[in-house]
Amino acid sequence: MSDLGPVDPGHAREAAWLTRWRLRPDGDAWTTHSSRLVPVLTADGTPAMFNLAHETEEARGAALLVALDGHGAARVLRRERRALLLERAAGQRDLVRAVRAGDDDDATRTLCAVADTLHARTDRVLERLAASDLVPLETWFGQLFAQADGLGPLHRAGADLARRLLDERRTPVILHGDLHHGNVLDFGERGWLAIDPKGLLGDAEFDVCNVLCNPSHERALVPGRLARQFEVVVGATGFAPRRLRDWLIAWSALSSTWFELDERPERAASAARIGEVAAGLAV
């Protein structure tokens, strides 16, 4: 009997995929709540990122990446079931560091530009994916609608705003669904590209709300910061300020609800506070 202890079945599956696809580890692997990520080199020495999804949400995002075909997002090199091989970000720039260095406005404009590129691919994506392969915002907001009355006033207000916005039935676009400073990376000559999409379908304004809540709740709640970046987003996108504000309140309420359900009360409170600040924006 080996004295090394039992083999982690997840790591065994990872090793099997690496062998099957002739990949060599090229750095430390890490695990998120939804996937296992391994920097690798392909058989010809090309740097890539191997992703083994643990959740259906990741698999849905992978399908969207395939359909995007490298436009505004990382290019898929290979995909089979829950295994995914992506081109690896090779650039040295980082949007979180940019914010810390005082380039908050430029980081926000970069994220808005990436969102616009993704949204512009809607028709092409829907030629390759059925609308049923994407999650409509109506469904995405389901937990807020179900939980709002048992939480706080911000949650009820956010649910009401989301319902009104959804009932207006705007022409939907494909949405990243989790667009923030850590999910848009520098791919060198290919520029800034998105990773880890959730694969949603709905109003374009929704996709930039998370930008305003990041790179952290603490940063978002610095006095005057939300108002300033809200102006930057409006200038970069041309979105109607009132509609964007209403989506931001609704998104903050949804985010806070998820944190409440995950039993993370401090994060739930700070997400709700962002929504309260957003409600006071002059539009």
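Being a predicted model, the structure only gives us computed values, none of them experimental.

**Let's talk about the side chain of Gln229**
- Residue placement: Gln229 occurs in helix H11 (residues 225-237).
- Since its relative accessible area comes to 2%, Gln229 is described here as buried.
- Within the structure, Gln229 has its side chain in polar contact with the side chain of Asp105 (distance 2.8 Å).
- What Gln229 contacts, discounting residues up to four positions off in sequence, is Asp104, Asp105, Thr108 and Leu212.

**Examining the layout of surface pockets**
- By volume, the largest pocket amounts to about 1,200 Å³.
- Lining the largest pocket are 49 residues, with His33, Asp178, Asn183, Asp196 and Lys198 sitting closest to its centre.
- Looking at the lining of the largest pocket, the elements that each hand over two or more residues are strand E3 (35-41), strand E4 (47-53), helix H2 (56-68), strand E6 (83-87), helix H12 (241-261) and helix H13 (265-279).
- The leading source of residues in the lining of the largest pocket is H2, at six residues.

**Quick word on the side chain of Asp178**
- Looking at where Asp178 falls in the secondary structure, it is placed in the loop between strand E8 (173-175) and strand E9 (184-186).
- If we skip the residues at most four places from it in the chain, Asp178 touches Asn183, Lys198 and Asn210.

**Quick notes on unusual backbone geometry**
- Cis rather than trans, the peptide bond between Asn214 and Pro215 has omega equal to 10°.
- Looking at where Pro215 falls in the secondary structure, it is placed in the loop between helix H9 (204-212) and helix H10 (217-220).
- Even without being a glycine, Arg169 presents a positive backbone phi close to 55°.
- When you line up the elements, Arg169 lands in the loop between helix H8 (153-167) and E8.
- Arg169 sits in the exposed class, given a relative accessible area of 62%.
- In this structure, Glu263 is a non-glycine residue whose phi angle is positive, near 60°.

**Side note on the packing of aromatic side chains**
- The tally for this structure, following the rule as stated, stands at nine aromatic pairs.
- Here the aromatic rings of Trp17 and Trp21 are separated by 5.2 Å at their centres, their planes lie at 65°, and the arrangement is edge-to-face. No difference in accessibility class separates Trp17 from Trp21, as the two residues are buried.
- Relative to Trp258, the ring of Trp251 has its centre 5.7 Å away and its plane inclined at 75°; by these criteria the two rings are edge-to-face.
- Classification of Trp251 by relative accessible area gives buried; the value is 7%.

Each value, and the rule that gives it
Residues numbered from 1 in each chain as written. Predicted model: local features only at pLDDT ≥ 70, side-chain atom pairs only at ≥ 80, totals over all residues. Heavy atoms only, no water. Helix = DSSP H or I, 4+ residues; strand = E, 2+ residues; numbered from the N terminus. Buried < 20%, exposed > 50% of the residue type's maximum accessible area, 1.4 Å probe, protein only. Polar contact = N/O pair within 3.5 Å; in protein donor to acceptor, adjacent residues only side chain to side chain. Contact = heavy atoms within 4.5 Å. 1 Å grid on protein atoms, 1.4 Å probe; cavity = no way out; pocket = protein on both sides within 12 Å on 5 of 7 lines; lining within 4 Å. Points joined across faces, edges and corners; volume = space filled by probe spheres on them. Phe/Tyr/Trp six-rings, centres within 6.5 Å; stacked < 30°, edge-to-face > 60°.

By themselves, these are just geometric observations and shouldn't be taken as functional.
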